[in-house]
Amino acid sequence: MRTRHLGTALLATGALLLTTAACAENDTGSSGAGSAPRTVKAVDGCGRGSWTDPSDLATDRKPARCASGAPAPVELTKTRKLTIATGTLSAEYVAPLEMAVEKGEFKKEGLDVTLKVLPTPDALPLLAKGDIDAQWAAPEAAVMNGILGGFDIKWVAGNFSPDPRSKSGLWVRLKNGESASRVAMAGRKMGTMIGKGSVISYPMNTALKKHGGGLDKIQFQQLGSADVLTALQNGGVDSAWLLDPVWRKVDGDARYAFLGGQPQGEPLGGLLFGPNLLSEDPDAGVAFLRAYIRTVNTYFAGDYKKDPAFVTELATLLKTDKKVLESTPSLRMDWEIRAGTTDRLQKAYAAAGVSKGDPLPESRTVDRKLYEEAVGHKP
């Protein structure tokens, strides 16, 4: 994570994106799989529950699911090598991709997949040029600015939403007379390891506004992952955005209050495809999503942490402590994208002062057709 000179870094990233975008082969924002009609067939094991209406923003919406092992693999006639960039291989939300590699789900599709650790600013130009095939990330401000500059990149699948029991999000140290329902956030200093250009700006802004604040009414202090909690506890900051499992350190302590986190039922990240899988080889794009979706249905369909043996396997895969995994609720893995999410994200980026130009319509930022094809849904 970048911890200093955030504004300078964002400007530099924006300049890099716009420069590289001018060299990208496709600068029309084409919808890839939607550029030409594709045949969508019914898929065994993927019935009505395998798709939910994107406009359903209910917090208790059940994520789409097929039967375990579905959709079945459809091997490509020729093996396709794919490189997928990800910011980390140790975070729980990356587990479905790593499990798909571990269990051979991609190989069943005729895909030879390599997961490569790259930060978003470094990966985006490579994705736009076709040097890598996909990115496990989020539609952050840098992504929106890149698309505005001409990158043929789209958000094609979600990753997860939080369990209702999760308290990953905005925590505040209460002053005398304050409570979780009555706390003034305007003018306070917030510690966070996440920059204003992150998708977390959206839920952060929502939580702040409920308490008289907003991204434009607070002071930010960007800190390293090990320093955020310490700063909150010793008074260096008044509030902090605490991630899993750090929030467990203050949960139950009357001196602190949880004000809100990522919206339930609404993924804020997942898979970004570039021209390779959007337009040049959408068959491989569908195959990749089919393997990802099958992995979710087979291994992550419900509360996967109820199985101690699976948690042990997951901890080994992620190279993390089993007790750390068990300390927080299971994520609600969800490959679908809600309607209007990128609109809400862009409003937050504008409030944070990290966006460029006019907001992009969803048709420029999202493509649901590939995962709909993978589960056999006909719009």
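Residues numbered from 1 in each chain as written. Predicted model: local features only at pLDDT ≥ 70, side-chain atom pairs only at ≥ 80, totals over all residues. Heavy atoms only, no water.

Chemist: So what's going on with the packing of aromatic side chains? Residues and values would help.
Modeler: Scanning the entire structure with this criterion turns up nine aromatic pairs. Residues F106 and F288 carry aromatic rings whose centres are separated by 4.6 Å and whose planes lie at 15 degrees to one another, so their mutual orientation is stacked. One end of the pair, F106, is in the loop between α2 (95-102) and β2 (111-117); the other, F288, is in helix α8 (residues 282-299), with 182 residues separating them in the sequence. For F106, a relative accessible area of 2% translates into the label buried. With a centroid separation of 5.4 Å and 80 degrees between ring planes, the pair formed by W136 and Y292 is classed as edge-to-face. With W136 in strand β3 (residues 134-137) and Y292 in helix α8, the pair connects residues that are 156 residues apart, well separated along the chain. Comparing W136 with Y292 shows no difference in burial state: the two are buried. Feature note: the residues Y299, F300, Y304 and F310 constitute an aromatic cluster, connected by ring pairs. (Phe/Tyr/Trp six-rings, centres within 6.5 Å; stacked < 30°, edge-to-face > 60°. Helix = DSSP H or I, 4+ residues; strand = E, 2+ residues; numbered from the N terminus. Buried < 20%, exposed > 50% of the residue type's maximum accessible area, 1.4 Å probe, protein only.)

Chemist: Summarise helix α11 (residues 341-352); cite the residues concerned and give the values.
Modeler: Side chains that are three or four residues apart share a direction in an α-helix, a result of its 3.6 residues per turn. If you check α11, its first and last C-alpha atoms are 17 Å apart, about what 12 residues at 1.5 Å a residue would give, namely 16 Å. Its buried side turned inward, α11 meets α4 (141-148), β4 (154-158), α5 (201-209) and α12 (362-365). Where α11 terminates, the next one or two residues include G353, which has phi positive at roughly 75 degrees. (Expected span 1.5 Å × (residues − 1). Contact = heavy atoms within 4.5 Å.)

Chemist: Which residues make up the packing of α2 against helix α9 (residues 308-318), and what values do they have?
Modeler: Relative orientation of the contacting elements α2 and α9 amounts to 95 degrees, with a least axis distance of 10 Å. Considering their axes alone, α2 and α9 lie roughly perpendicular with respect to each other. Contacts between α2 and α9 involve A95, E98, M99 and E102 from the first element and F310, E313, L314, L317 and L318 from the second. Of the residues that constitute the contact of α2 with α9, the class distribution is six nonpolar, no polar and three charged. (Axes fitted to C-alpha atoms, helices over the stretch in contact; angles between N-to-C directions. Parallel < 35°, antiparallel > 145°, perpendicular 65-115°, else oblique. Nonpolar A, V, L, I, M, F, W, Y, C, P; charged D, E, K, R; others polar.)

Chemist: Tell me about empty space enclosed by the protein, residues and numbers included.
Modeler: Taken as a whole and assessed by the stated rule, the structure comprises one cavity of 30 Å³ or more. Estimates place the volume of the largest cavity at around 30 Å³. Surrounding the largest cavity, I194, G195, K196, S198, I200, S201, M204 and F220 form its lining. Of the residues that constitute the lining of the largest cavity, the class distribution is four nonpolar, three polar and one charged. (1 Å grid on protein atoms, 1.4 Å probe; cavity = no way out; pocket = protein on both sides within 12 Å on 5 of 7 lines; lining within 4 Å. Points joined across faces, edges and corners; volume = space filled by probe spheres on them.)

Chemist: Hey, could you go over the environment of L317 for me, with residue numbers and the actual values?
Modeler: In this fold, L317 is placed in helix α9. Accessibility expressed as a relative area gives 15% for L317, which makes it buried. Each C-alpha atom of the pair L317 and S90 lies 8.2 Å from the other, and the pair is 227 residues apart in sequence. For L317, the contacting residues outside a window of four places in its chain are A95, E98, M99 and E102.

Chemist: Which residues make up the pairing of strand β9 (residues 239-242), and what values go with them?
Modeler: Side chains S239 and W241 of β9 all project onto a buried face; the interleaved residues A240 and L242 project onto the opposite face, where all are buried too. Two elements, strand β6 (residues 169-173) and β9, share four bridges in a ladder whose sense is antiparallel. Paired with V172 across the bridge in β9 is S239. As paired strands, strand β7 (residues 189-192) and β9 are joined by two bridges and run parallel to one another. (Pairing = 2+ DSSP bridges.)

Chemist: How would you summarise the environment of E75 if you had to cite specific residues and measurements?
Modeler: Mapped onto the elements, E75 comes out in the loop between α1 (6-21) and β1 (80-86). Sequence separation between E75 and K108 is 33 residues, and the spatial gap between their C-alpha atoms is 6.2 Å. Those residues in contact with E75 that sit more than four places away from it in its chain are K108, E109 and G110.

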